[in-house]
Amino acid sequence: MKIKTLTIIMLAYGLLFCGIFTYLKSSQLQEPLLLTHYYEKEYFQSTVDYIPLYYITNQDDHFQLVSVESEALPGQMIFVEHDSITGREGIYTQHEAIITIDGLQEEVILDKLIFHFSNGTAIQGDIGSIKLSPMKDSNPEDLVVHFSTSGSSNTGESYTVGDVKRDGELTEIALPFPEMVEPVLKLDVEKMRRNYSHGNHEQLLSSNEKQSAADIALPIKAAIGEKIKVNAVVDKSLMYKNNIHAIEAEIRGVFQTGDEEIEQSLIRITEQPYLTSKQIKELKKLREEGGQ
C-alpha cells in the first residue's frame, strides 16, 4: 500500500515537473524580441548620438547586440557603443543598446533595421519610426514662451513652465507621430500665477483634468509677464497595447502674434520601456501570430 502511494506521489511530482518544464519552454523566446521606438532626433554637424534601442532576451541567453544596419543608410554599418541590461522580469532580460550615427546630410527615417548579435545571428525587424533631422536654427528672442522649468512626478506626469515674452495666442497643438501618440497621451495647458515655488513639484502638476490634444479649448491667450504651464501624461499600459515601447519626441505649439505665426516646442515627452513578464508573453504571442 505504501509503495503504491509513493508511486502515485512520484508520478504526480513528475507530471507537475513536466508541466512546469513545458510551460517554461513554451514561454522562452526563440530569438530576441525587438521593441518599437518612436523618436524625433536632431543631428548636429552630421552626427546624432545617444539613440537607445531596446530588445528582450531570455535570461539564460548570453549574447549582445553588436551592430545594426538600415536600407535608409545603404552601405553603413552602425556599431553599438554600449549594451546594458536595464531590467529582469521572470525568465526575461531587457537590454538597452546605444548607437551613434555619423555622416547624415538630410532627413532620414529609420523604420526597419537588421540587428547583428554577438552569437552570429542577424534579425530584421520593424522598430517603429526614428526620425533624424538637421538641427533647426532658432533665436530665443523669436519664441513666444521661454520654457525654463521642467520635470516629472513619480506618477509619470511631465510638466514644463515658461514665461510669456510676446503677446499672442496658442492656436494649434501638433503631436509627433499623431496616429500612434494621440490615443495614449493626455495634456493640459494653462496659465499660472506669477509666483510659484520652483522646488514644489506638486504645485507644478496639473490642477485640471487632462484631455486629448484635440479636446483642449483653443485659442489660449498669452500676455507678456504671464506664465504658461504644460502637463503631459502617457498611459504606458495603453502605449504597450498599441505597440509603442519607447517615445522621445516634442509636442509643438503654433502661436499667432499679430500677423506672424510662430511654431515652437511646448514639452518633450520621453518614455522608456519596462514590460512585465505577462506583457512580454503577450507581445511574443502577437509576434508569433503576425499581429505586431
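Scroll up to find the structure this text is about.
Rules behind the numbers
- Residues numbered from 1 in each chain as written.
- Predicted model: local features only at pLDDT ≥ 70, side-chain atom pairs only at ≥ 80, totals over all residues.
- Heavy atoms only, no water.
- Helix = DSSP H or I, 4+ residues; strand = E, 2+ residues; numbered from the N terminus.
- Buried < 20%, exposed > 50% of the residue type's maximum accessible area, 1.4 Å probe, protein only.
- Contact = heavy atoms within 4.5 Å.
- Areas by Shrake-Rupley, 256 points an atom, 1.4 Å probe, with all protein chains shown as cover.
- 1 Å grid on protein atoms, 1.4 Å probe; cavity = no way out; pocket = protein on both sides within 12 Å on 5 of 7 lines; lining within 4 Å.
- Points joined across faces, edges and corners; volume = space filled by probe spheres on them.
- Nonpolar A, V, L, I, M, F, W, Y, C, P; charged D, E, K, R; others polar.
- Pairing = 2+ DSSP bridges.
- Axes fitted to C-alpha atoms, helices over the stretch in contact; angles between N-to-C directions.
- Phe/Tyr/Trp six-rings, centres within 6.5 Å; stacked < 30°, edge-to-face > 60°.
- Salt bridge = Lys/Arg side-chain N within 4 Å of Asp/Glu carboxyl O.

**Student:** Please give an account of the overall build of the protein chain that cites residues and values.
**Tutor:** Helix and strand content of the protein chain: 5 helices and 16 strands. Every one of the 292 residues in the protein chain was classed for burial, and the buried ones make up 42%. For the protein chain, long-range pairs separated by at least 24 residues make up 69% of all intrachain contacts whose partners lie at least 6 apart in sequence. For the protein chain, the accessible surface area stands at approximately 16,300 Å², while carbon and sulfur atoms represent 51% of it.

**Student:** Break down the environment of Gly 128 for me, with residues and values.
**Tutor:** By the secondary structure assignment, Gly 128 is in strand β8 (residues 122–134). On the basis of relative accessibility, which here comes to 9%, the residue Gly 128 falls in the buried class. Apart from the residues lying within four places of it in its own chain, the contact partners of Gly 128 are Thr 36, His 37, Tyr 38, Leu 110 and Asp 111.

**Student:** Could you give an account of empty space enclosed by the protein, naming the residues involved and the relevant values?
**Tutor:** On inspection of all chains with the given rule, the structure shows 1 cavity of 30 Å³ or more. Within the residue set of the lining of the largest cavity, elements represented by two or more residues are β5 (78–89) and β6 (92–101). Class assignment of the residues belonging to the lining of the largest cavity gives a composition of 5 nonpolar, 3 polar and 2 charged.

**Student:** Could you give me a rundown of the sheet that holds strand β9 (residues 145–152), with the residues and numbers involved?
**Tutor:** Reading across the sheet, the 4 strands line up as β9-β10-β14-β12 and stay open at both edges, with antiparallel pairing between neighbours. Single-partner strands in this sheet number two, and they are β9 and β12 (185–192). Each neighbouring strand pair of the sheet contributes to a mean axis angle of 20°, computed without reference to strand direction. Taken together, the 7 bridges between β9 and strand β10 (residues 157–164) define a ladder with antiparallel strand orientation.

**Student:** Explain the side chain of Ser 129 to me, and be specific about the residues and the numbers.
**Tutor:** Mapped onto the fold, Ser 129 is located in strand β8. Residues in contact with Ser 129, not counting those within four places in the same chain, are His 37, Tyr 38, Tyr 39, Ile 109, Leu 110 and Phe 177.

**Student:** Tell me about the packing of aromatic side chains, and please be specific about residues and values.
**Tutor:** For any pair of aromatic rings, the description rests on two quantities: the centre-to-centre distance and the angle between the ring planes. On inspection of all chains with the given rule, the structure shows 4 aromatic pairs. Ring geometry for Tyr 38 against Phe 177: centres 5.4 Å apart, planes inclined by 70°, an arrangement best described as edge-to-face. Within this pair, whereas Tyr 38 is found in strand β2 (residues 37–43), its partner Phe 177 is found in the loop between β11 (168–174) and α2 (178–181), the two being separated by 139 residues in sequence. Phe 177 matches Tyr 38 in its accessibility class, with the two residues each being buried. Between Tyr 55 and Phe 117, the aromatic rings sit 5.3 Å apart at their centres with planes inclined by 70°, giving edge-to-face as the arrangement. One end of the pair, Tyr 55, is in strand β3 (residues 48–58); the other, Phe 117, is in strand β7 (residues 108–117), with 62 residues separating them in the sequence.

**Student:** Tell me about the layout of surface pockets, and please be specific about residues and values.
**Tutor:** Taken as a whole, the largest pocket encloses approximately 870 Å³ of empty space. Along the wall of the largest pocket there are 33 residues; nearest its centre are Glu 42, Glu 250, Arg 252, Gln 264 and Ser 265. Breaking the lining of the largest pocket down by element, the ones donating at least two residues are β2, β8, β9, β15 (246–257) and β16 (260–271). The element contributing the most residues to the lining of the largest pocket is β16, with 7 residues. Class assignment for the residues of the lining of the largest pocket results in 11 nonpolar, 10 polar and 12 charged. Approximately 320 Å³ is the volume attributed to the second largest pocket. Forming the walls of the second largest pocket are 18 residues, and the residues nearest its centre are Glu 31, Pro 32, Leu 33, Leu 34 and Arg 287. Counting only elements with at least two residues in the lining of the second largest pocket, the list comes to β1 (33–34), β8 and α5 (277–288). Per-element tally for the lining of the second largest pocket: the top contributor is β8, with 5 residues. The residue inventory of the lining of the second largest pocket, partitioned by class, reads 6 nonpolar, 7 polar and 5 charged.

**Student:** How would you summarise the pattern of salt bridges if you had to cite specific residues and measurements?
**Tutor:** Counted according to the given criterion, the structure contains 13 salt bridges. For Glu 157, the salt bridge goes to Lys 210, with nearest N and O atoms at 3.5 Å. Here Lys 210 lies in the loop between α3 (201–204) and β13 (220–222) and Glu 157 lies in strand β10, a separation of 53 residues in the sequence. Its relative accessible area of 7% is what places Glu 157 among the buried residues. Among the residues examined, Lys 210 registers a relative accessible area of 22% and is labelled partly exposed. Salt-bridge contacts for Glu 190 lead to Lys 229; the nearest nitrogen and oxygen are separated by 3.2 Å. Here Glu 190, found in strand β12, pairs with Lys 229, found in strand β14 (residues 227–234); they are 39 residues apart in sequence, far enough to count as distant.

Any functional reading would require information beyond the geometric quantities listed.
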